[in-house]
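What follows is each chain in one-letter form.
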Amino acid sequence: MATRGTTSSFMTFSLLAFLLLHGCVAQLELPQSGWWHNLREQQQHRLRAKTDCRVQRIDAREPEQRYEFEGGYVEYWDGNNEESECAGIRFVRHVIQPGGLLLPHYANAPQLVYVVQGNGVQGVVIPGCAETFESGESSEGRREGGPRWESERGRGEGGRRWESERGQSEGGRRWEGGEGGSQRDRHQKLRRIRQGDVLALPQGVTRWTYNDGDSELVTVSILDVANDNNQLDLNFRKFFLAGNPSSSGRQEGRREGRQEGRHEGRRFGGREERSDEWRNIFSGFDEELLADAFNVDNQLIRRLQSQDDNRGFIVKAERLNLVLPEYSREEREEEFRHGGGRREQEWRHGGTRREQERRHGGTRREQEWRHGGGRDSSNGLEETFCTLKLHQSIDNPERADIFNPRAGRISTVNSQTLPVLSYLRLNAERGILYRNALTAPKYSANAHSALYVTRGNARIQVVGNEGNAVFDGEVREGQLLIIPQNFAVVKRASEEGFEWINFQTNDNAFNTKLAGRLSAIRSIPADVLANAYDISREEALKLKYNRRESTLFSSESSEEGRYRPRDAEAKA
Amino acid sequence: MATRGTTSSFMTFSLLAFLLLHGCVAQLELPQSGWWHNLREQQQHRLRAKTDCRVQRIDAREPEQRYEFEGGYVEYWDGNNEESECAGIRFVRHVIQPGGLLLPHYANAPQLVYVVQGNGVQGVVIPGCAETFESGESSEGRREGGPRWESERGRGEGGRRWESERGQSEGGRRWEGGEGGSQRDRHQKLRRIRQGDVLALPQGVTRWTYNDGDSELVTVSILDVANDNNQLDLNFRKFFLAGNPSSSGRQEGRREGRQEGRHEGRRFGGREERSDEWRNIFSGFDEELLADAFNVDNQLIRRLQSQDDNRGFIVKAERLNLVLPEYSREEREEEFRHGGGRREQEWRHGGTRREQERRHGGTRREQEWRHGGGRDSSNGLEETFCTLKLHQSIDNPERADIFNPRAGRISTVNSQTLPVLSYLRLNAERGILYRNALTAPKYSANAHSALYVTRGNARIQVVGNEGNAVFDGEVREGQLLIIPQNFAVVKRASEEGFEWINFQTNDNAFNTKLAGRLSAIRSIPADVLANAYDISREEALKLKYNRRESTLFSSESSEEGRYRPRDAEAKA
Amino acid sequence: MATRGTTSSFMTFSLLAFLLLHGCVAQLELPQSGWWHNLREQQQHRLRAKTDCRVQRIDAREPEQRYEFEGGYVEYWDGNNEESECAGIRFVRHVIQPGGLLLPHYANAPQLVYVVQGNGVQGVVIPGCAETFESGESSEGRREGGPRWESERGRGEGGRRWESERGQSEGGRRWEGGEGGSQRDRHQKLRRIRQGDVLALPQGVTRWTYNDGDSELVTVSILDVANDNNQLDLNFRKFFLAGNPSSSGRQEGRREGRQEGRHEGRRFGGREERSDEWRNIFSGFDEELLADAFNVDNQLIRRLQSQDDNRGFIVKAERLNLVLPEYSREEREEEFRHGGGRREQEWRHGGTRREQERRHGGTRREQEWRHGGGRDSSNGLEETFCTLKLHQSIDNPERADIFNPRAGRISTVNSQTLPVLSYLRLNAERGILYRNALTAPKYSANAHSALYVTRGNARIQVVGNEGNAVFDGEVREGQLLIIPQNFAVVKRASEEGFEWINFQTNDNAFNTKLAGRLSAIRSIPADVLANAYDISREEALKLKYNRRESTLFSSESSEEGRYRPRDAEAKA
């Protein structure tokens, strides 16, 4: 009997899996992964432009362009340099003031975001998913509103009548009456974002961000224009659903006047030529056509087209009151405790990918259960891609993947921990290096890197295939350094320490270290090293075994006075 | 006990697999899918040329080149325009007269074909598959011939002797005797194609088409030269196995003289420069070498090389008598009834992908059984990729995926319904819009589109990232409009209605609507919209809820006199 | 009973699926494949440069550049020709003298190597894998050394303490004492390579090669720079971990002086301009930084940087004594017997891919067990990708995939037999053609080919889409011929016979033959051929059936005096 039960349930489970999934197997474990795996399979690998990339010299750069708006500003790193063009990536920083709303838009390139500071609410529109969240005037309104909407939705989704019938019976003028401001409203899931979160945004997905906190919300993003999901060219394209970007000003100089800009939000007279031409996509359609499509009057369409709107692309929206479900304090603490188990993983770094996957899978599933528990979900669909996990915290020290109490720590977000990244083909690494500590010299065998400094500064050296340093200098907070695939890099923190976020153009980095316990050097027989470097066997063994740490190196020598930190700037 | 043990170990084994593998599952259901999934995995993603794509203006185009032959003509859309180059696609229309045979050839790009009119027989050579069809002089011949051939095949495939032994014992001069014209012949599966079918043709697969009907067979095709399966450059290349293309004429002007061309099949003196150089690939080989390879005399090789053949690439083959198995009338009607269940699916559009898959999967399997039932198949191989489903009807109204009795209907063929498309990475959408109805404004987040008008006309607007219309005008039967990824589009049918076939460069489209019941606007909280557009909450709710239909919109307003169709041409 | 029946049928179904499908499931059999499948999924498909490829003429080429070093030389085929640029591949030949050591390095492109002659030891560094091999001064040392290291490793990997703690307790000065030359040393797995082996080297993986045999070790390699795993541009880049490449000389002329070069290993004064700039990557880093990273003194770092090293990139390392486990003679013979079962496979060529897979899978697993059996492996990890199979013999006649005793044989290595190739997306075909025999005219529908002649010579014809021969001539030992995707090719061996290795840019070739038993011609109904070529039905049947062999054709006609081999050179 037990056998029968087990067999049947397993078969049911299997068939369910077979029916639900088109992709793979591991998705039994990771339902989200399955869907995205499937999508990833569907992605195109299209044409791209490319010239030769000599890469004789790269630079640590700050943003070249700033657009200031009513509720914040956007800074772009210029793509007109060899390392950015050759890597096929763009970089951007958003600063949204408290009460600022980054208007709905979508882009032609996958985007990975890191929240440097602050917190807010993000809306991401997943086409075809139901509106499962409610926002009303008050929490009381929400409670009462529920049942009525629920029933409408029940009809809307469960019914089998023609849409136009429903349209006639329910729709049309219903909202034109006097109910007005007191109406409850439904919309798709909103996501709370906080300092230290990494957010994954597929190309073509409409998103908006609202800063409901008390401090500025600062984010930096990689825009992977060379990604196969972008089928057009290597230009970054942003499609606005609202606002009138041409009303925005631009700050020319690098960094000058940044402080006042940040605090006053003032706009400048100098306009950027291209910006003048940009309008939201509704403004390109015929007013009459849109009035018909939305079934509203022309006046409202003119508001939609925002042609007289001068607020720019980040507007002040202080009357916006979005209520999100939040973890209770106890829940959060429990989650942290859960995550703590990952601390031991460094000793099997690289090898135990599957082990990790199983473990993360487990953690993730539990999170999903916890997430899903509070929802009324009548079908399985909402459990899967409509509730797709798009962000993950990378700052929690207890979740560090690599930790050396004398050198620092590193956390990573990749497709093992955030399955949607297998579709975006990007990953992120958060690193913290204590004063004077250094990283193992290493190279990435399958990705370019875009390293942004969030705090402190460090001396970094990057060496290319010709064996000379293409970068050797100090990088400091707010700077970006793009490191091509296969180029070797070493970082040494200054006396202030060094913190960074590193985005890579692959969903799982495949990095090789050149020194330390897990290095290529240690994998090679001492006799080979002795012959290769024309040294004695003892010396070869020193090269292999003298540095026992694997990834983050404490500056042991400096304690003994051998290493003298020098003015890296002077040399650079 | 034994059962339990087996079950458990199988479960362990399975779970191990699930943990270890990131591969796939659903293929247990869809053996064809599995094979193609595999192939797709093997495909290369190679180099491509690309320049910047400003895309300030696109045009609705008609074919620029026509090649007329004995049995029909071919019309090419010129690739020398920005939208075609940037999308990396070419487009072609074939018109084959009754009794016309499009000679065997292959191409360097995946091709998706829509049969606009007529019906015919298509042969697609899948390398290594057995010859499972027979054609003889008469049906009587077919019936008798079976067993004898069967036995030869049994030896050919099941035996373990060296091929040359077989060659000696069976081959060689066998056919040189007087049996001649009364011989039965075996060949690979033939496929019946009909108006409304979509055909998928992988790159490099040899195919030919014969019009055995009474009316012209008209097809249009997308040629996806930027597809990763083409590893060379962005030029479209056709490799002829027969015929002498250089004998073909060319009609210069656009459309002029089309009617006579169509009916007379006359050839023009004016030759195209490149056409002069083209010959079939056999003509490039040494005659002696081929004579040896085919083991025939040189005279026959000269026929193979077709150097004196002036009939062009579509020849008259009226003596060709291909007998195909056909559905009986009852079977066809039953199949239609089966397909009818898909009508209800619109209300869960986008979300229920998996639900759909299960349903389609089921339908497909049944079809396969029915297909396979009549065959004598001694091994499993023929059940899988040798009988690969390469075409599917998209015109049957009962199979519409989206239907609105006041606006029209849409049917799609993608890798869910036709698994081979996961290898081609293309999909097709068939749309019919009733008079004055319009489509929801929408954009495709993961594909370019090539829209060909099969009947009627419509006003179409396309808006790019700068917010201005890159196309605004009327398109009519026979025209092609290429819409880049992420560009928003809206179509309004004229008084005559509008019918189209839309090919997209991804095997599953990921479309976002901008108005209506499943739109991005509806997914955004009303408060956010109110702030974004600087409108009242009531107005935001109108934007969200006034249009209750999801994809195809009836022109409600026009009934109330608000919408006045204007001369779109004049504006454009 | 019902349960058992259900279970069994489900298992049968499942097993059938496992056998049928390669994607996913077959990896139950092949854990390595699973891991690589996963990796393959993660790979990026990035930007590439491309111009138009007219391909009017291709040439059989010999290497244009030679670099001579102390212990051997390297010859490069120049990439500056249309076929090489359009195919996106480079080609290289290494000659390592007995006792020569090719220094550790990595490359930006996947590489597939064929060992033309000799044998040696190859080290491939897989990041994060444990050091499971030991090399010492003597076999006695190895035996004793084991346990002590084992315990250290036990602590290193199994412990849960911080790495730095371990670093302090174990590390640091341990090796600086007088133990010196008598120390045992551990390193990653070494691989024995022999004439006839195919080696797969992913991009970015550090590798070195040592010739411990008595004769020259000669290898040829394809470098697939257009592969998606290379995200930068189409230049081939080599990153050296040791040596000072700028010390190398270069031999200008083609082939002249090759004999003396080979035997003397002399270096030339004339330096190559780029070579002057190349140094190993350590030399680009700051000496102090490296001294700290390795925790050694600056003097040793200067050796690491090799700035005064004049030995070049292949050094003499005659004192190098690497002890590898080897098969006993009995084991080898048994393995051959195992492989012999593949001989019968030609008759189901193309079709029985899955059948083959099952068979190969089985063989491979057994090999792995045998491999793994001798190791002390405490976790499953080493069983999987750390012991990843990177090479396979392709020369063993008993393992031929296609064999015709009157014409020759062909063996292939693809992702079915060497799963890592699904990540590299390359395959190799080894062919041997007896005197005067010829290959079926064929084209590859999904890959470019790089054919290198290992012995003898042949007349080859290559025909492109315009129907004229882009190559028609004799190719001989040491020459390379690049054949674009879809171009048709036929080879006829000279009186001396012909042997080649053919690398293709896909992990499973999809080839279509144009004559013979498995050809496109045979798949087409005779009536269609009769109409296509304007011949009689009897003649069509001759075209289809006169050549009974499938892939390698004996020159039957020549026996009967009809075929007269001509001076192919004269015609070319």
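Cut-offs and rules
- Residues numbered from 1 in each chain as written.
- Chains lettered and ligands numbered in written order.
- Predicted model: local features only at pLDDT ≥ 70, side-chain atom pairs only at ≥ 80, totals over all residues.
- Heavy atoms only, no water.
- Helix = DSSP H or I, 4+ residues; strand = E, 2+ residues; numbered from the N terminus.
- Buried < 20%, exposed > 50% of the residue type's maximum accessible area, 1.4 Å probe, protein only.
- Contact = heavy atoms within 4.5 Å.
- Areas by Shrake-Rupley, 256 points an atom, 1.4 Å probe, with all protein chains shown as cover.
- Disulfide = S-S within 2.5 Å.
- Salt bridge = Lys/Arg side-chain N within 4 Å of Asp/Glu carboxyl O.
- Axes fitted to C-alpha atoms, helices over the stretch in contact; angles between N-to-C directions.
- Parallel < 35°, antiparallel > 145°, perpendicular 65-115°, else oblique.
- Nonpolar A, V, L, I, M, F, W, Y, C, P; charged D, E, K, R; others polar.

The next point concerns the overall build of chain A. Check the secondary structure of chain A and you find 17 helices and 27 strands. For chain A, buried positions account for 69% of its 572 residues. Taking all contacts inside chain A whose residues are at least 6 apart in sequence as the whole, residues at least 24 apart take part in 78%. Put simply, chain A shows about 18,400 Å² of open surface, and 46% of that area lies on carbon and sulfur atoms.

All names here are of chain A. Per the counting criterion, the structure on display carries three disulfides over all chains. Covalent S-S linkage joins C53 and C86, the inter-sulfur distance amounting to 1.9 Å. Taking the sign of the torsion about the S-S bond as the criterion, the disulfide between C53 and C86, at about -105°, is left-handed. Of this pair, C53 sits in the loop between α2 (31-42) and β1 (65-69) while C86 is found in helix α3 (residues 82-87), placing the two residues 33 residues apart along the sequence. For the pair C53 and C86, one class covers both residues: buried.

In this section: the pattern of salt bridges. What the rule picks out here adds up to 76 salt bridges over all chains. Among the salt bridges present, the one from E499(A) reaches R455(A), with a minimum N-O distance of 3.2 Å. Separated by 44 residues along the polypeptide, E499(A) in strand β25 (residues 488-504) and R455(A) in strand β22 (residues 449-463) bring together distant segments of the chain. Here R302(C) makes a salt bridge to E287(C), at a shortest N to O gap of 2.6 Å. You can see R302(C) sitting in helix α9 (residues 298-305) and its partner E287(C) sitting in helix α8 (residues 287-294), a full 15 residues away along the chain. On the basis of relative accessible area, R302(C) is assigned to the partly exposed category, the value being 43%. When salt bridges that share partners are traced, they join D292(B), R406(C), R492(C), R547(C) and E549(C) into one network.

All names here are of chain A. Closest axis-to-axis distance for the helix α14 (residues 526-533)/helix α15 (residues 537-545) pair is 8 Å, and the angle between their directions is 110°. One finds that α14 runs roughly perpendicular with respect to α15. Residue-level contacts link A526, D527, L529, A530 and Y533 of α14 to R537, A540, L541, L543 and K544 of α15. The residue inventory of the contact of α14 with α15, partitioned by class, reads seven nonpolar, no polar and three charged.

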